[in-house]
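# Observations on the three-dimensional arrangement
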Amino acid sequence: MSNLVVIGAQWGDEGKGKVIDILAKNTNFIARYQGGNNAGHTVVIGSEKFVLHLIPSGILHKKKACVIGNGVVIDPKALIEEIDMLESKNIEVKGRLFVSENAHVIFPYHRKMDELKELIKGKTKIGTTKKGIGPCYADKVSRSGIRIVDLFDEKIFKNKLRANLEEKNKILKTLYDFEGFSFDRIYNDYAGYAAKLENFVCDTTELLNAAIKKKKSILFEGAQGTLLDVDYGTYPFVTSSNSTAGGACTGSGIGPTRIDKVIGVVKAYTTRVGEGPFPTEFGPDMMEKIRTKGGEFGATTGRPRRCGWFDACLVKHSVAVNGIAEIVVTKLDVLDELETIKICTSYRVKGKLYDRFSSSIRALDECEPVYESVPGWQTDTTGVTTFRRLPAKAKNYLKRIQKILNTKIVLISVGSDRKQTITVE
Ligand code: GDP
Ligand code: IMO
Ligand code: MG
């Protein structure tokens, strides 16, 4: 039994939900440690499709315990809706979901500020999910945030909410000419949410450390992806948390010595939603083809995802900053029909070649990706269940990626269903 961190090694939507669902079988606890309901993790089981935003994908396995750690920002209304959705599908949540009392709470003013800030930015917008993630994390860091535990102390909650509304309403009026929010309405709504969530709330740090003491295993479910990490991503076109493996410790209260392995999930190509540089982005024809074949539309916002070739420079950066030991490659089947497949192995900037990711947004915007071409397999892989039975050219593509990244591919996904998964022996 070991403690694993599973992270997205590109710009999110790599198929983490499916991978967590597969790995959850062999673990006791599944814990989210950052992000909020900006995430959309899809799990397909037969004819049923589940999209989870806050609750770990492990909830779909009976008897597994799921944790929403202190590093997550929680919109309580969204959480209650997700619990209701699962219960309506006969999935037991009570007694299996544990929510950190230290997690920060998203309020309507966070969502409104997110939305209006993006609107004012116009062309320079980030393309956020408008779920209030950035403004909520900003309050956390500026020490004015309201935590889950605060909702249960009437005096503290009222004081904090009043202070926040006084500030937020002034900002909303002055900068965005928005009238602001009423104290009573928010107070009453949130007191109601707190009552509904009370039985789920606990000290999850203690829970997880006690579990480790009892030799139970934990699977940490990353949200977003490495290139959306606030420190290591394409800043400012990032989310507001540490989606990289280090976030698993700070976002759950587990020491780094407790983490046994980091697994990176990559798509066999690259996608991103929202604005920001994307060196290997396709031109219109390939974009349309792969978006349609891969169903590349956001699981949270429904926005079309931007698609491009596999970028090894970008994933090498992820391997380094996460300490990735093993890789899972998803959506291999989406490339099934292609005659030729490209892998970006370096960037050319002002005539010079770089094989590493750059922190300069300008360099990423202006660089010319240098590609290596490999032949496509032009065979349907969606029914393949062993590595041996993959077409030789598909194996070559995977081996080439593995070699460039200097990591091991341990799992390959060739379809959204649980069964469409190949374990590499
Ligand atoms: P996450 O945010 O990383 O969990 O990924 P999303 O759920 O947002 O997006 C991944 C999408 O790809 C979902 O619709 C999955 O059902 C789907 N998917 C996952 N693995 C595969 C695969 O191997 N092949 C195909 N065709 N679809 C997949
Ligand atoms: P999962 O967990 C893909 C992107 C947004 C935007 C940027 C900032 O499903 O992989 P935010 O609302 O977080 O302030 O938006 O981050 N983004 C995601 N892109 N997958 C996600 O989550 C994302 N969560 C946020 O599109 O570009
Ligand atoms: Mg997603």
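Residues numbered from 1 in each chain as written. Chains lettered and ligands numbered in written order. Predicted model: local features only at pLDDT ≥ 70, side-chain atom pairs only at ≥ 80, totals over all residues. Heavy atoms only, no water.

## Describing the site of ligand 1
For the record, the criterion: Proximity criterion: a residue is near a molecule or strand once any of its heavy atoms comes within 4 Å of it. Whenever two N or O atoms come within 3.5 Å, that pair is a polar contact, provided that in protein one can donate a hydrogen and the other can accept it, and provided that, for residues adjacent in sequence, both atoms are side-chain atoms. Each accessible area value is a Shrake-Rupley result obtained with a 1.4 Å probe; residue values ignore everything except the protein chains displayed when judging cover.
As a structural note, the neighbourhood of ligand 1 is formed by 19 residues, with Lys 16, Gly 17, Thr 42, Asp 333 and Ser 413 the closest of them. Separating an oxygen atom of ligand 1 from a side-chain N or O atom of Lys 331 is a distance of 2.9 Å. Interatomic distance of 2.8 Å between a side-chain N/O atom of Asp 333 and a nitrogen atom of ligand 1. For ligand 1, whose accessible area on its own is 590 Å², the fraction buried by protein is 91%.

## Description of the packing of aromatic side chains
Cut-off, in case you're wondering: For Phe, Tyr and Trp, rings pair up if their centres lie within 6.5 Å, where Trp contributes its six-membered ring, and each pair is then called stacked (planes under 30 degrees apart), edge-to-face (over 60) or tilted (otherwise). The helix and strand labels rest on DSSP assignments: H or I over at least four residues marks a helix, E over at least two residues marks a strand, and numbering proceeds from the N terminus. Here's how the labels work: a residue is buried when its accessible area is under 20% of the maximum for its type, exposed when over 50%, partly exposed in between, all with a 1.4 Å probe on protein chains only. The rule for a charge over a ring is simple: NZ of Lys or CZ of Arg within 6 Å of the ring centre, and within 35 degrees of the ring normal.
By the definition in use, this model includes twelve aromatic pairs. Both rings, one in Trp 11 and one in Phe 278, keep their centres 5.2 Å apart while their planes meet at 55 degrees; by these two values the pair is tilted. Of this pair, Trp 11 sits in the loop between β1 (4-8) and α1 (16-24) while Phe 278 sits in the loop between β12 (270-272) and α9 (284-294); the two residues are 267 residues apart in sequence, bridging distant segments of the chain. Considered together, Trp 11 and Phe 278 belong to a single accessibility category, that of buried residues. A ring pair is formed by Tyr 33 and Phe 220, whose centres lie 6.5 Å apart and whose planes are at 65 degrees; its orientation type is edge-to-face. With Tyr 33 in the loop between β2 (29-32) and β3 (41-45) and Phe 220 in strand β10 (residues 218-221), this pair connects stretches of sequence that are 187 residues apart. Phe 220 sits in the buried class, given a relative accessible area of 1%. Through a chain of ring-to-ring contacts, the aromatic side chains of Phe 107, Tyr 109, Phe 157, Phe 183, Tyr 187, Tyr 190 and Tyr 193 assemble into a single cluster. When the ring centre of Phe 50 is taken as origin, the NZ or CZ atom of Lys 89, which lies over that ring, is 4.9 Å away.

## Focus on the site of ligand 2
Selection rule: Site definitions follow a grid-based scheme: protein atoms alone, a 1 Å grid, a 1.4 Å probe that fits but cannot get out for cavities, and for pockets an open set with protein on both sides within 12 Å along at least five of seven lines, plus lining residues having an atom within 4 Å of a point. Occupancy of a cavity or pocket is assigned to a molecule whenever over half of its atoms lie within 2 Å of that pocket's grid points.
In the vicinity of ligand 2 lie 20 residues, with Lys 16, His 41, Thr 129, Gln 224 and Thr 239 positioned nearest. Between Gly 40 and ligand 2, the recorded distance is 2.9 Å, taken from a backbone N or O atom to an oxygen atom. When ligand 2 sits alone it has 550 Å² of accessible area, and the protein chains cover 97% of it. In this structure the site holding ligand 2 corresponds to the largest pocket.

## Here's the deal with the nonpolar core
Our working definition: Definition used in this section: a nonpolar core is a set of buried Ala, Val, Leu, Ile, Met, Phe, Trp, Tyr and Cys residues joined via side-chain atoms within 4.5 Å. Reported domain spans reflect what an automatic or database domain assignment gives. In this analysis, two residues are considered to be in contact whenever any of their non-hydrogen atoms come within 4.5 Å of each other.
Counting residues in each nonpolar core, the largest one holds 66 residues, and the members touching the most others are Leu 332 and Tyr 397. Each of two domains, domain 1 (4-99 + 200-263) and domain 3 (266-423), supplies a minimum of three residues to this core. Contact partners of Leu 332, with chain neighbours within four places excluded, come to Ala 268, Trp 377, Leu 390, Ala 394, Tyr 397, Leu 398, Ile 412, Ser 413 and Val 414. Counting residues in each nonpolar core, the second largest holds 56 residues, with Ile 68, Phe 157, Leu 165 and Ile 186 among its members.

## Some remarks on the domain arrangement of the chain
The cut-off we apply is this: Simply put, the buried area is the total loss of 1.4 Å probe accessible area from both parts when two parts are fitted together.
Split into domains, the chain comes out as domain 1 (4-99 + 200-263), domain 2 (104-196) and domain 3 (266-423). Taking only C-alpha atoms, the centre of domain 1 and the centre of domain 3 are 23 Å apart. Residue-level contacts link 37 residues of domain 1 with 39 residues of domain 3. Contact between domain 1 and domain 3 buries roughly 3000 Å² in total, counting both sides, with carbon and sulfur atoms accounting for 60%.

## Comments concerning the coordination of the magnesium ion (ligand 3)
Put simply, the rule is: Counted as donors are the N, O and S atoms within 2.8 Å of the metal, or 3.2 Å for Na, K and Ca, while water is not among the atoms, so some sites may look incomplete.
Coordination of the magnesium ion (ligand 3) by the protein is provided by Asp 13 (OD) and Gly 40 (O), with metal-donor distances spanning 2.0 to 2.2 Å. Of this pair, Asp 13 sits in the loop between β1 and α1 while Gly 40 sits in the loop between β2 and β3, placing them 27 residues apart in sequence. Exposure remark for Asp 13: the relative accessible area of 21% places this residue in the partly exposed category.

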